[in-house]
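The primary structure of each chain is shown beneath.
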Amino acid sequence: ALQVVAGVLHHQPGVRALFACCEMTPTDLLARVVARLSGVPIDHITDKTFATGEKVRVKKTIELHRTIIDRLAFLHPPFTLEHLADAATDFGATVLAVDYLQRFGHGRDLRESLDGVMTGVRRLALAGAAVLAVSSVTRSKDDRGRNSYGGLNMASFRGSAELEFGADSAYLLDTDEGNSTLRCVKNRFGKPADVHLRFVGEYQQFVAGDPLAAFDTANGTTGRRGNQ
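Residues numbered from 1 in each chain as written. Predicted model: local features only at pLDDT ≥ 70, side-chain atom pairs only at ≥ 80, totals over all residues. Heavy atoms only, no water.

Caption draft 1: Just the sheet that holds strand β8 (residues 179–187), in detail. Strand order in this open sheet of four strands is β7-β8-β9-β10, and the pairing throughout is antiparallel. Each edge of the open sheet carries a strand with a single partner, namely β7 (169–176) and β10 (205–208). The sheet shows a mean angle of 35° between the axes of neighbouring strands, taken without regard to direction. Pairing of strand β9 (residues 195–200) with β10, which is carried by four bridges, proceeds in the antiparallel orientation. Across the sheet, Val200 pairs through a bridge with Gln205, a residue of β10. (Pairing = 2+ DSSP bridges. Helix = DSSP H or I, 4+ residues; strand = E, 2+ residues; numbered from the N terminus. Axes fitted to C-alpha atoms, helices over the stretch in contact; angles between N-to-C directions.)

Caption draft 2: The arrangement of the packing of helix α6 (residues 81–91) against helix α7 (residues 110–126) in detail. Interhelical geometry of α6 versus α7 gives an angle of 15° and a closest axis separation of 10 Å. The orientation of α6 relative to α7 falls into the category roughly parallel. In the packing of α6 onto α7, the handedness of the crossing is right-handed. Seen from α6, the contacting residues are Leu81, Leu84 and Ala85; seen from α7, they are Gly116, Val117, Gly120, Val121 and Leu124. Of the residues contributing to the contact of α6 with α7, the split by class is six nonpolar, two polar and no charged. (Parallel < 35°, antiparallel > 145°, perpendicular 65-115°, else oblique. Left-handed = near helix turned anticlockwise from the far one by under 90°. Contact = heavy atoms within 4.5 Å. Nonpolar A, V, L, I, M, F, W, Y, C, P; charged D, E, K, R; others polar.)

Here it is as C-alpha cells:
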C-alpha cells in the first residue's frame, strides 16, 4: 500500500497523500520509502549500519525525491475517520490510505464498527478522495481441518460484508516464495485484471513479476517454472 501511494505521488506531481497506519511509526514507514527509492537495504537504514557510500546515497535520494516526500504525510493517533478527514483537509490530501480497516472505528462489535467505517470511507471517496483501504482476511479450514490462507475469495475479508459491497475494486494478495499476485476479485468499473509481482524484501519493493512463476514445472522437464 505504501509503494502504491508513493508511486501515485511520483506520477502525479499535484497530488498530496495521507497514510494512516495503525502498526508502524511514521519514521519506520518513511525508512521503507527511502529504502525502495535509494536501493539501500532497509535494515541498514533502520539500524544505521550503512555500508560504504550508502549513507551518502540515502541523503541524495531524500534530496532528489524531496517533492515526493514533502507531499506525503502520516496520520498520528487517534486512528478514527474523523481524525483522518480533518488531517486530510489540513494537509490538502486527496489520496488516503487506511492500513488497516479493522483498527478504525469505535463500535464494540467488529461488524458494526466496520459498517460505519466503510460508510465513512465511501463518504470520503464521494467527496473526491481516492481511498486505498487495507483489510485483514479470515483463514479457512483446509481438507485436513487446518487453518489456511488458501482459497481466499471476496467473502474472506474479515468482519463485514460491507467490505465486499462498498469497495469499487478489491484485490487479494497471494504470495508464494517471493512470487506475489494481486488477484482482482472485484472491479466495479472495468474488467478484473490480476497484477503479477515479485517482492524484494531487502528493499521493501514490489517489482513486475512473471505470471508463469505461479506454476510448477512438470516432472521430468528442465524448463523454467510455469512452461507446462
